[in-house]
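# Breakdown of the fold
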Amino acid sequence: MTETDRASALAAQPAGHRDPDPAKADLRRVGLHPDHWYPVALSRRLRRERVLATAFAGERIALFRTRSGEVHALEDRCAHRQVPLSMGVVEGETLRCRYHAWAYRGDGRVSQIPYLAKGDRRPPRGVRGYPVREAYGLVFVFPGDPQRAAATPLPELPAFGSPRYRTMTYSRSVRCHYSFMHENLLDMNHQFLHRGVVGRLHPELLGYRSDERSVEAGYLFTHTGGRRNRSAGLLASEGIGGGTADVMTIRTEYPYQTLELVPENADRPAFRLWAAYVPEDAEQRRCHAYGLLMIEKPRIPGLLHLAWPFVRRFTERVFAEDRMAVEAEQRAWDEQGEDRNHEVFPLILDVREVLRANGVPIEARPAGCGGASLCEGARLSGGAEDQE
């Protein structure tokens, strides 16, 4: 399908949009559905015979890589005294609690209690083990019903690892509900926020379409003036296409989000972005953003390699501005105690409905990771990383 065909298809936007129904659940009180694969760590940060603390929506998870290289994910508590297993030690193929040296297999079962004599009281079964997979340089866990894990596919990213593209990986904590991140990327009418980086951009909505699980929008971006960061031009393949108008397609396919940019006069995307926003705390007012930015390599050998630090700096600056805005939105929600949004863009009303309909209510928890202090150790001090 050409970009013209895609734009025509998107132009058939749904009709009959109305203001949000006040009787509907506040989206900021709706959690991500656990029956999906979610990234919780960068693979390269989990070395052999090491353990790493992470979390999903208040559930503390201990990741560990065995001597043979296998990765496992366990509930982050010892069945004995509840000391976090992420404080423990990996010995061969087992994880041993640092306190009394109880040893756990990858499925969470207790394999040894060093001081337990024969005939002593039977030890507990152990702790919960999570289905876990590695892909795209990320560690994914399945926090929902484990019986559904095998039949639930990981996201498909054909550009990852392609010789045509080089990938930059992002890992950042953001103090906001994950829905603010979906809205921010999908609603490109906020380019005024980035005018100091990209100059004056005019986004024209070509059209959009939505269904029960997804919303996809197409924009035509035209640079209308102002100073444009050189790295923005590199990302848009200015040196290849030489155009001034780009077609951007953004899609929320629950629970992930993707973006593609096709420059004027180009026949394939100059870059593709895949993103997931994983809630860390039980109230889901903080999420961890994982992103894979796959950038097309230009015809000039080595050009992208030389420009890589500048591209990274540019994308980090754009992300910092977006984070400033979404965290301000979250603070407003916290102060007001409810969503007082007056949204006028039908596209955003649709994506809110998709997130609301596919999510689950956030329930108050008497214990766990609801308090910020309990989750501090679970954060990844992420950064941008590269993959050839």
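In short, a report on the structure. All values derive from a computational prediction rather than experimental measurement.

## Details of the pattern of salt bridges
Here the structure, examined in full by the defined rule, presents 24 salt bridges. Close ionic contact of R272 with E260 constitutes a salt bridge, the shortest N to O distance being 2.9 Å. Taken together, the residues span a long stretch of sequence, with R272 in strand β18 (residues 271–279) and E260 in strand β17 (residues 256–263) at a distance of twelve residues. A relative accessible area of 23% places R272 in the partly exposed class.

## Focus on the packing of aromatic side chains
Following the criterion strictly, the structure yields six aromatic pairs and no others. Centroid distance Y219 to F221: 6.1 Å. Interplanar angle 50°. Geometry classified as tilted. This pair shows no difference in class: Y219 is buried, exactly as F221 is. A ring pair is formed by Y256 and W274, whose centres lie 5.4 Å apart and whose planes are at 45°; its orientation type is tilted. Here Y256, found in strand β17, pairs with W274, found in strand β18; they are 18 residues apart in sequence, far enough to count as distant. Among the aromatic residues, those joined into a ring-pair cluster are F140, Y256 and W274. Geometry around F180 places R28 over its ring, the cationic atom sitting 4.0 Å from the centre. Directly above the aromatic system of W37 lies the positively charged group of R133, at a separation of 5.6 Å from the ring centroid.

## Concerning the environment of A159
Tracing the sequence through the fold places A159 in the loop between β12 (138–141) and β13 (165–174). Here the alpha-carbon distance between A159 and I295, two residues 136 residues apart in the chain, equals 9.0 Å. What A159 contacts, discounting residues up to four positions off in sequence, is Y165, R272 and M294.

## Observations regarding the packing of helix α2 (residues 178–186) against helix α6 (residues 303–336)
At a minimum axis distance of 10 Å, the contact between α2 and α6 shows a crossing angle of 130°. Judged by the angle between their axes, α2 and α6 are oblique. As for how α2 packs across α6, the hand of that crossing is right-handed. Contacts from F180, M181 and N184 in α2 reach F319, D322, V326, E329 and Q330 in α6. Across the contact of α2 with α6, the residue classes tally to four nonpolar, two polar and two charged.

## Notes on the sheet that holds strand β8 (residues 103–104)
Read across the sheet, four strands follow the order β6-β7-β8-β9 without closing on themselves; strand pairing throughout is antiparallel. Looking at strand neighbours, the two that pair on one side only are β6 (89–91) and β9 (110–112), the edges of this open sheet. The pairing of strand β7 (residues 94–96) with β8 spans two bridges and is classified as antiparallel. In the strand pairing of β8, L95 is matched with Y104.

## As for the side chain of Q191
By secondary structure assignment, the location of Q191 is in the loop between α2 and α3 (195–198). Setting aside anything within four residues of it in sequence, one finds Q191 in contact with V198, L201, P203 and F221.

## Brief notes about the sheet that holds strand β11 (residues 132–135)
The antiparallel open sheet is built from three strands, whose spatial order is β2-β12-β11. With one partner strand each, in any of the chains shown, β2 (38–42) and β11 form the two edges of the open sheet. Across this sheet, the average inter-strand angle for adjacent strands is 35°, counted without regard to direction. Bridge count for β11 against β12 is four bridges, and the pairing is antiparallel.

## A few points about the packing of α2 against helix α7 (residues 346–358)
α7 packs onto α2 with a crossing angle of 145° between their chain directions and a minimal axis gap of 10 Å. Once α2 is placed against α7, the crossing between them reads as right-handed. For the pair formed by α2 and α7, the contact residues are Y178, S179, H182, E183 and L186 on the first element and L347, I348, V351, R352 and L355 on the second. Residues of the contact of α2 with α7, tallied by class, amount to six nonpolar, two polar and two charged.

## Looking at the layout of surface pockets
Counted as a void, the largest pocket has a volume near 570 Å³. As for the largest pocket, its lining consists of 26 residues, of which E156, L157, E253, T258 and W274 are closest to the centre. Those elements that provide at least two residues to the lining of the largest pocket are β16 (245–253), β17 and β18. Ranked by the residues each element gives to the lining of the largest pocket, the list is headed by β17, at four residues. Classifying every residue of the lining of the largest pocket by side-chain character gives 14 nonpolar, four polar and eight charged.

## Describing the side chain of D76
Among the structural elements, D76 can be located in the loop between β5 (71–75) and β6. Residues in contact with D76, not counting those within four places in the same chain, are A53, R60, I61, A62, P84, L85 and S86.

Cut-offs applied
- Residues numbered from 1 in each chain as written.
- Predicted model: local features only at pLDDT ≥ 70, side-chain atom pairs only at ≥ 80, totals over all residues.
- Heavy atoms only, no water.
- Salt bridge = Lys/Arg side-chain N within 4 Å of Asp/Glu carboxyl O.
- Helix = DSSP H or I, 4+ residues; strand = E, 2+ residues; numbered from the N terminus.
- Buried < 20%, exposed > 50% of the residue type's maximum accessible area, 1.4 Å probe, protein only.
- Phe/Tyr/Trp six-rings, centres within 6.5 Å; stacked < 30°, edge-to-face > 60°.
- Lys NZ or Arg CZ within 6 Å of the ring centre and 35° of its normal.
- Contact = heavy atoms within 4.5 Å.
- Axes fitted to C-alpha atoms, helices over the stretch in contact; angles between N-to-C directions.
- Parallel < 35°, antiparallel > 145°, perpendicular 65-115°, else oblique.
- Left-handed = near helix turned anticlockwise from the far one by under 90°.
- Nonpolar A, V, L, I, M, F, W, Y, C, P; charged D, E, K, R; others polar.
- Pairing = 2+ DSSP bridges.
- 1 Å grid on protein atoms, 1.4 Å probe; cavity = no way out; pocket = protein on both sides within 12 Å on 5 of 7 lines; lining within 4 Å.
- Points joined across faces, edges and corners; volume = space filled by probe spheres on them.

In short, the description is geometric, and any link to function would need to be established separately.
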